[in-house]
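# Observations on the three-dimensional arrangement
What follows is the residue order along each chain.
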Amino acid sequence: MLGVALLALGQQVDLPAAVRWLAWLPLSELGSTLFGSGLIVVAFEYINERDADERANERLRRILKEEAPAIRDAVIDGFAFAPDALVNVASPETLDRVVRNTLAIQLGDQALANDLYADLRHQVTASTERRQDMRVSLSLTPWTKGPSAGEGSMFVATIRREYRVELAESTRRFACTSDLDEYRELLLDPTVIEVHYFEPVAGIDATSPEAFELLQFTVDGRPWPTRRSKRSGGQSFAVTVGGRTDAQHEVEISYTYRVLVQQHGHLLYLDFGAPCKGVDVDFAYGGCGIRHVNVLDFIAGSQPTRISRSPKDTDPPTVSVRYDGWVFPKSGVAFAWVLERELLPAHEPDRGVARTRT
């Protein structure tokens, strides 16, 4: 367009006096040059346009092929060291596939990886809490309000638990029931942190305060009031924790409760209820007429469970269980005992009653 304008201007013979000096310029030559250059460029663009896209695509493919390894390594390293970036760009379903496929590569078995991941994910997400450094002290003593032997003879188990946790629920519940179906349902309730099954015996059932009682509940050393409710076939205690309950505030929870355990049941089982990192259990049974205690740990993990016993003639005798790794729901520790009077010869009288009472 500039070249056409110069050619038109060069054809004007009579220029105004103000611009008469333009006559000294080679306007026609300049206009022809610009006009010809413009035509050449337009023609070149027209011819080149047909192959430009293909050349651009070929150039892009060549760059991607050369840089693909570096891009791949950068993405993998970024996701490995910055998992938040992976969360921002991938859906939960995609993350599940990534985990399953990665686990399958490590194990060499896709079906096993799928089952392991599904089971572990269910166990971890079924609870809203992640506990740390659980310490459990369990003391077994004879129950003096019932018979010392035979049907209805009981031990009183006083259990204290302490652990650190980021509160997710403001209400904590403790329950005791004589209904097995209800017991199984309560085990799946995330608000119930302790549930005890008590078989009705000797006129006592789960509604009795003797069968189950919450003695104390504290948060960071501060005691909180408990509310007891009674119903047919069971009872429960509830504690409502005020203040901050967000996932960024870690507190130390401690509570003590008491339950009755049948002497001839020979078993006391403690479950952990929620994922917990590190457990420390001490079981004392002085004055109970117990000859020996076996420990059954239902903890599946790569680390060994450490079981130790107090020296002989120590009062009270104690069994300790330690595990430093993660334990998951449905994991627990069982203590099974053998009574002194059960080992007496058949011709000797059972003097274990007096020993049990003392």
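Below you will find a few notes about this structure. (Residues numbered from 1 in each chain as written. Predicted model: local features only at pLDDT ≥ 70, side-chain atom pairs only at ≥ 80, totals over all residues. Heavy atoms only, no water.)

### Some words on the overall build of the protein chain
Cut-off, in case you're wondering: Strands are runs of DSSP state E lasting at least 2 residues, helices are runs of H or I lasting at least 4, and numbering of each runs from the N terminus. When a residue's accessible area, from a 1.4 Å probe over protein chains only, is under 20% of the maximum for its type it is buried; when over 50% it is exposed; and in between it is partly exposed. Only heavy atoms matter for contacts: two residues are in contact if any of them lie within 4.5 Å across the pair. Computed with a 1.4 Å probe, the accessible areas rest on the Shrake-Rupley method; for each residue, only the protein chains presented here act as cover.
The helix and strand inventory of the protein chain stands at 7 helices and 15 strands. Expressed as a percentage of the 358 residues in the protein chain, the buried residues total 33%. Considering only intrachain contacts with a sequence separation of at least 6, the fraction spanning at least 24 residues in the protein chain is 69%. About 21600 Å² of surface is accessible on the protein chain, with carbon and sulfur atoms providing 57% of the total.

### A closer look at the packing of aromatic side chains
Just so we agree on the cut-off: To pair, rings of Phe, Tyr and Trp, with the six-membered ring standing in for Trp, must have centres within 6.5 Å; the planes then decide the type, stacked if under 30 degrees apart, edge-to-face if over 60, and tilted in the middle.
Tallied over the entire structure, the rule returns 12 aromatic pairs. What links up through ring pairs into an aromatic cluster is the set Tyr163, Phe174, Phe212, Phe217, Phe237, Tyr255 and Tyr257.

### A look at the sheet that holds strand E5 (residues 212-219)
Basically, it comes down to this: At least two bridges found by DSSP between two strands is the condition for calling them paired.
One open sheet holds the 8 strands; their spatial order is E6-E5-E9-E2-E1-E11-E14-E13, and the pairing between them is mixed. Looking at the sheet topology across the chains shown, the edges are occupied by strand E6 (222-223) and strand E13 (306-309).

### Section: the nonpolar core
Rules: Buried residues of nine kinds, namely Ala, Val, Leu, Ile, Met, Phe, Trp, Tyr and Cys, make up a nonpolar core once their side-chain atoms join them within 4.5 Å.
Among the nonpolar cores identified, the biggest contains 57 residues, and Phe217 and Phe335 are the most heavily contacted of them. Leave out the neighbours within four places in its chain, and phenylalanine 217 touches Arg172, Phe174, Ile193, Arg222, Pro223, Trp224, Thr226, Val239, Val241, Ile253, Ser254 and Tyr255. Among the nonpolar cores identified, the runner-up in size contains 5 residues, and Ala175, Tyr183, Leu186 and Val195 belong to it.

### Section: the pairing of strand E15 (residues 332-339)
Among the 8 residues that make up E15, 7 are buried, leaving the element largely enclosed by the rest of the structure. Pairing geometry for strand E12 (residues 290-298) and E15, over 8 bridges, is antiparallel. Within E15, the residue paired with leucine 296 across the bridge is alanine 334.

### So, a nonpolar patch on the surface
The following threshold applies: Note that patches include only residues with greater than 30% relative accessible area and no salt bridge, and the join distances are 9 Å for like charges and 5 Å for nonpolar side chains (Val, Leu, Ile, Met, Phe, Trp, Tyr). Should a side-chain nitrogen of Lys or Arg be within 4 Å of a carboxyl oxygen of Asp or Glu, the pair is scored as a salt bridge.
A cluster of nonpolar residues, Val4, Phe35 and Leu39, forms a patch on the protein surface that exposes about 260 Å² of accessible area. Of note, phenylalanine 35 is situated in helix H2 (residues 27-81). Of the residues examined, phenylalanine 35 reaches a relative accessible area of 38% and is grouped as partly exposed.

### Comments concerning the side chain of threonine 256
Locating threonine 256 in the fold gives a position in strand E9 (residues 250-262). The residues touching threonine 256, leaving out its near neighbours within four places in the chain, are Thr158, Ile159, Arg160, Leu214, Leu215 and Gln216.

### Details of unusual backbone geometry
Residue aspartate 315 is joined to proline 316 through a cis peptide bond whose omega torsion reads -5°. Mapped onto the elements of the fold, proline 316 is located in the loop between E13 and strand E14 (318-327). Backbone geometry at aspartate 133 places phi at a positive 50°, although glycine is not the residue there.

### Things to note about the pattern of salt bridges
Applying the stated rule across the entire model yields 19 salt bridges. Ionic pairing is found between arginine 172 and glutamate 129, a salt bridge with its closest N-O pair at 2.1 Å. Separated by 43 residues along the polypeptide, arginine 172 in strand E3 (residues 171-177) and glutamate 129 in the loop between helix H5 (110-125) and strand E1 (131-142) bring together distant segments of the chain. For the pair shown, arginine 172 and glutamate 129 are each scored as buried. A salt bridge links glutamate 213 to arginine 258; the shortest N-O distance between them is 2.4 Å. Within this pair, whereas glutamate 213 is found in strand E5, its partner arginine 258 is found in strand E9, the two being separated by 45 residues in sequence. Connected via shared salt-bridge partners are Arg135, Arg160, Glu162 and Glu252.

### Section: the packing of helix H4 (residues 92-107) against H5
Note the following rule: Axes, fitted as lines to C-alpha atoms, cover a helix only where it is in contact. Angles between the N-to-C directions of the axes lie from 0 to 180 degrees. Orientation labels follow simple angle bins: below 35 degrees gives roughly parallel, above 145 gives roughly antiparallel, 65 to 115 gives roughly perpendicular, and whatever is left gives oblique. Helix crossings are classified by the rotation of the near helix relative to the far one: an anticlockwise turn of less than a right angle makes the crossing left-handed, while a clockwise turn makes it right-handed. Basically, the charged four are Asp, Glu, Lys and Arg, the nonpolar ten are Ala, Val, Leu, Ile, Met, Phe, Trp, Tyr, Cys and Pro, and anything else, Gly included, counts as polar.
At a closest axis distance of 8 Å, the pairing of H4 and H5 adopts a crossing angle of 130°. Judged by the angle between their axes, H4 and H5 are oblique. Relative to H5, the crossing made by H4 is right-handed. Residues Asp96, Val99, Arg100, Asn101, Leu103, Ala104 and Leu107 of H4 form the contact with H5, whose participating residues are Gln110, Leu112, Ala113, Asn114, Leu116, Tyr117 and Arg121. A class-by-class count of the residues in the contact of H4 with H5 yields 8 nonpolar, 3 polar and 3 charged.

### As for the sheet that holds strand E10 (residues 267-271)
Within a sheet, adjacent strands bond to each other through the backbone by hydrogen bonds, running parallel or antiparallel. Pairing in this open sheet of 3 strands is antiparallel, and the strands run E10-E15-E12 from one edge to the other. Both outer strands of the open sheet, E10 and E12, are each paired with one neighbouring strand and no more. Strand after strand, the sheet turns through a mean of 15° between neighbouring axes, direction not considered. Of the strand pairs in this sheet, E10 and E15 are connected by 5 bridges, and their pairing is antiparallel.

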